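Examination of the molecular architecture
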Amino acid sequence: MTGLGAVFRPQLPPERLRAVVRLADASGLEELWLWEDCFREGGISAAAAALAWSDQVRVGVGLLPVPLRNVAITAMEVATLDRLFPGRAILGVGHGVQDWMGQVGARVESPVTLLREHLDALRALLRGERLTTDGRYVKLDDVALDWPPAGPVEILAGAAGPRTLRLSGAAADGTILTASTPPDGVRRARQLIDEGRESAGRTEPHKVVVYLLTATGPDAAARLRAELADEGVESVPGLGVAGDAATVAKAVQRLAEAGADTVILQPTGDEPDPEGFVRFAAEEVAEEVRTLIP
């Protein structure tokens with residue numbers, strides 16, 4: 001069955017997180033995802049709090065911008081979360097928004113090279129390896145974690161362009177696709193990811209997570225149109241969904257048929273009831289999805 005989750009958007013203040021997390025856990029939501037958008041909540045700190053406030057729900061961070069972090073710090077934080085909350089943290093890394101990276105003096109000449117070096121080093125450190133590397137951006141001298149994860153930890157990569165999608169297939173354990181990806185885009189992404197996997201000789205499963213911009217309630221269609229217009233993608237067919245649980249579930253089904261393993265419902269930035277949205281996803285939409293996708 002296709003996994004289902006929801007996003008706690010960082011337009012909300014951090015103090016709103018506790019109530020949303022507790023509701024997600026109590027309602028049986030599979031995954032609650034957090035974003036590290038500049039200059040809002042920190043991804044790791046928010047994820048640690050969310051995991052501590054809950055018992056069952058898995059917490060995803062999609063994504064951590066690699067230009068902001070030394071890879072050793074990323075590895076330390078990921079390993080700590082996994083040892084404290086085994087199997088419940090889902091971590092994604094990516095280029096970050098280049099304008100934001102420029103604002104903080106972290107923009108690099110080759111984001112793809114940096115992401116490849118970061119992924120390779122991060123996954124090696126999380127496997128418990130001792131690493132020395134002298135890359136273009138990632139440089140480590142005899143580095144190993146004292147407290148590596150007790151078992152395998154999957155690292156996902158956010159990707160949009162063909163080069164990054166192929167890189168994700170070759171060097172990551174899964175891929176995160178934005179809400180600007182319609183079903184046809186998911187199919188194309190799967191093809192490019194598989195090309196990368198084949199080039200690297202990888203045969204293990206590769207999880208694809210897709211965000212789905214979702215609005216429900218009496219003004220749902222208007223809020224959805226406004227957000228798509230703000231993002232400049234209002235003319236792209238197949239993006240977003242507005243309506244009741246059955247309508248949303250059919251949109252989830254279309255993405256699943258295109259190759260999504262997990263669909264994360266992304267509320268509009270002006271969602272008036274974040275707790276209600278989580279309950280809607282966990283209870284109403286999940287029930288409809290179960291009837292559509294065996």
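Residues numbered from 1 in each chain as written. Predicted model: local features only at pLDDT ≥ 70, side-chain atom pairs only at ≥ 80, totals over all residues. Heavy atoms only, no water.

1. Section: the pairing of strand β5 (residues 131-134)
Applied cut-off: Two strands are counted as paired when DSSP detects at least two bridges linking them. Each helix is a run of H or I in the DSSP string that is no shorter than four residues. Each strand is a run of E no shorter than two, and both are numbered from the N terminus.
Strand direction decides the pairing type here: β5 and strand β6 (residues 139-143), joined by 3 bridges, are antiparallel. For Thr-133, the partnering residue across the bridge sits in β6 and is Leu-140. Linkage of β5 to β6, two consecutive antiparallel strands, is achieved through a turn of 4 residues.

2. Structural notes on the pattern of salt bridges
Stated precisely, the cut-off is as follows: One side-chain nitrogen of Lys or Arg within 4 Å of one carboxyl oxygen of Asp or Glu is enough to make a salt bridge. Exposed residues in this analysis have more than 50% of their type's maximum accessible area, buried residues have under 20%, and partly exposed residues fall in between, with area computed by a 1.4 Å probe over protein chains only.
Across all of its chains, the model carries 22 salt bridges by this definition. Across the pair Arg-40 and Asp-37 runs a salt bridge, and its minimum N-O distance is 3.9 Å. The exposure class of Arg-40 is partly exposed, given its relative accessible area of 44%. You can call Asp-37 buried: its relative accessible area is 18%. Ionic contacts of the salt-bridge type, sharing partners, join the residues Arg-123, Asp-173, Arg-202 and Glu-204 into one network.

3. Details of helix α8 (residues 220-230)
Applicable threshold: It is the directions from the helix axis to the C-beta atoms that the arc portrays. The contact definition used throughout considers only heavy atoms, calling two residues in contact when any of these lie within 4.5 Å.
Of all the residues in α8, the buried ones are Ala-220, Arg-223, Leu-224, Glu-227 and Leu-228. All buried residues of α8 fall inside an arc of 130° around its axis, so they share one side. Across α8 from its buried face, at more than 90 degrees, point the exposed residues Arg-225 and Asp-230. As for α8, its buried residues are in contact with β9 (207-215), β10 (241-242) and β11 (262-267). Where α8 ends, the next residue or the one after it, Gly-232, has phi of about 75°, a positive value.

4. Observations concerning the packing of aromatic side chains
Keep this limit in mind: For Phe, Tyr and Trp, where Trp contributes only its six-membered ring, two rings pair if their centres lie within 6.5 Å, and the inter-plane angle classes them as stacked under 30 degrees, edge-to-face over 60, or tilted in between.
Taken as a whole, this structure holds 3 aromatic pairs when the rule is applied. Considering the side-chain rings of Trp-35 and Tyr-211, the 5.6 Å spacing of their centres and the 70° angle between planes classify their relative orientation as edge-to-face. Residue Trp-35 is found in the loop between β2 (31-34) and α2 (43-52), and its partner Tyr-211 is found in strand β9; the two are separated by 176 residues along the sequence.

5. Considering the environment of Val-21
Within the element layout of this structure, Val-21 appears in helix α1 (residues 17-27). Between the C-alpha atom of Val-21 and that of Gly-217, which follows or precedes it by 196 residues, the distance is 22 Å. When residues no more than four places from it in sequence are discounted, the contact partners of Val-21 are Leu-32, Ala-50, Trp-53 and Ser-54.

6. Describing helix α5 (residues 111-126)
Note the following rule: Here a helix's expected span is defined as the number of its residues, less one, multiplied by 1.5 Å.
Over its 16 residues, α5 runs 22 Å from end to end, which matches the ideal 22 Å to within 8%, given 1.5 Å per residue. Of all 16 residues that make up α5, 12 are buried, and the element is covered over most of its length. Those residues of α5 lying buried are Val-112, Leu-114, Leu-115, Glu-117, His-118, Leu-119, Ala-121, Leu-122, Arg-123, Ala-124, Leu-125 and Leu-126. Once α5 ends, the next one or two residues include Gly-128, with phi positive near 90°.

7. Brief notes about the pairing of strand β1 (residues 3-8)
The side chains of a regular strand alternate between both faces of the sheet. β1 sits mainly inside the fold: 6 of its 6 residues count as buried. The two faces of β1 match: Gly-3, Gly-5 and Val-7 on one face and Leu-4, Ala-6 and Phe-8 on the other face are all buried. In terms of strand pairing, β1 meets β2 through 4 bridges, oriented parallel. Looking at β2, one finds that Phe-8 is bridged to Leu-34.

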